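Structural overview
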Amino acid sequence: MEARRNRALGWVAGLGVALFPWLVAGVISTFLPNPEAMFPWVLLIASVLMVACVVWGTVRVPGFRRGALLGSAISLAFVCLVSLVLLWLQP
């Protein structure tokens, strides 16, 4: 039962790789003196921390890896697809 729960947590963490850093960067940068200039840096730091948390989970939590890999793959594929569409549609 615990392996199933850990796999579900891995799945959610993997899917959060694309969404979580953007939310965190948006919230934190609004409280900084120059939000527009600091947003990319906060986004970079949040992205690195999220990937580090997923990697830590795959190493330390049994059953986490399978869900995290699938969720991360789907999340990153979605980000790449959206980026390609935005690049294709730009004027």
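Now for a quick tour of the structure. Source: prediction; values computed, not measured. (Residues numbered from 1 in each chain as written. Predicted model: local features only at pLDDT ≥ 70, side-chain atom pairs only at ≥ 80, totals over all residues. Heavy atoms only, no water.)

What about the overall build of the chain?
When its secondary structure is counted, the chain shows three helices and zero strands. In the chain, the succession of helices and strands from N to C terminus is α-α-α. Taking 2.2 N^0.38 as the reference for a compact globule, 91 residues should give roughly 12 Å; the C-alpha atoms of the chain span a radius of gyration of 15 Å, well beyond that estimate. Among the 91 residues that make up the chain, the fraction classed as buried is 25%. The contacts in the chain between residues at least 6 apart in sequence include a share of 65% that link residues at least 24 apart. (Helix = DSSP H or I, 4+ residues; strand = E, 2+ residues; numbered from the N terminus. Rg over C-alpha atoms; globule rule 2.2 N^0.38 Å. Buried < 20%, exposed > 50% of the residue type's maximum accessible area, 1.4 Å probe, protein only. Contact = heavy atoms within 4.5 Å.)

Examining the nonpolar core
With six residues, the main nonpolar core is built from Ala13, Val17, Met50, Val54, Phe64 and Ala68. Breaking this core down by element, the ones donating at least two residues are helix 1 (2–30), helix 2 (35–60) and helix 3 (64–89). The contacts of Val17, once residues within four sequence positions are left out, are Met50, Val51, Val54, Ser72, Ser75 and Leu76. (Core = buried A, V, L, I, M, F, W, Y, C linked by side-chain atoms within 4.5 Å.)

Remarks on the environment of Val79
Structurally, Val79 is set in helix 3. For Val79, a relative accessible area of 35% puts it in the partly exposed group.

Some remarks on the side chain of Thr58
Tracing the chain through its elements places Thr58 in helix 2. For Thr58, a relative accessible area of 15% translates into the label buried. Leaving out residues up to four positions away in the same chain, Thr58 has contacts with Phe64, Arg65 and Ala68.

A closer look at the packing of helix 1 against helix 2
It is the contact of helix 1 with helix 2, at a shortest axis distance of 8 Å, that shows an interaxial angle of 150°. Pair helix 1 / helix 2 crosses with right-handed handedness. For the pair formed by helix 1 and helix 2, the contact residues are Ala13, Gly16, Val17, Phe20, Pro21, Trp22, Val24, Ala25, Gly26, Ile28, Ser29 and Thr30 on the first element and Pro35, Phe39, Val42, Leu43, Ala46, Ser47, Met50, Val51 and Val54 on the second. For the contact of helix 1 with helix 2, the class distribution of residues is 16 nonpolar, five polar and no charged. (Axes fitted to C-alpha atoms, helices over the stretch in contact; angles between N-to-C directions. Left-handed = near helix turned anticlockwise from the far one by under 90°. Nonpolar A, V, L, I, M, F, W, Y, C, P; charged D, E, K, R; others polar.)

Considering the packing of helix 1 against helix 3
The description of two packed helices rests on the angle between their axes and on the distance between the axes. Two elements in contact, helix 1 and helix 3, have axes whose closest approach is 6 Å; the angle formed by their N-to-C orientations is 20°. Compared by their axis directions, helix 1 and helix 3 come out roughly parallel. Pair helix 1 / helix 3 crosses with right-handed handedness. Of the residues in helix 3, those touching helix 1 at Asn6, Arg7, Leu9, Gly10, Trp11, Ala13, Gly14, Leu15, Val17 and Ala18 are Phe64, Arg66, Gly67, Ala68, Leu70, Gly71, Ser72, Ile74, Ser75, Leu76 and Val79. Of the residues belonging to the contact of helix 1 with helix 3, the class tally is 12 nonpolar, seven polar and two charged. (Parallel < 35°, antiparallel > 145°, perpendicular 65-115°, else oblique.)

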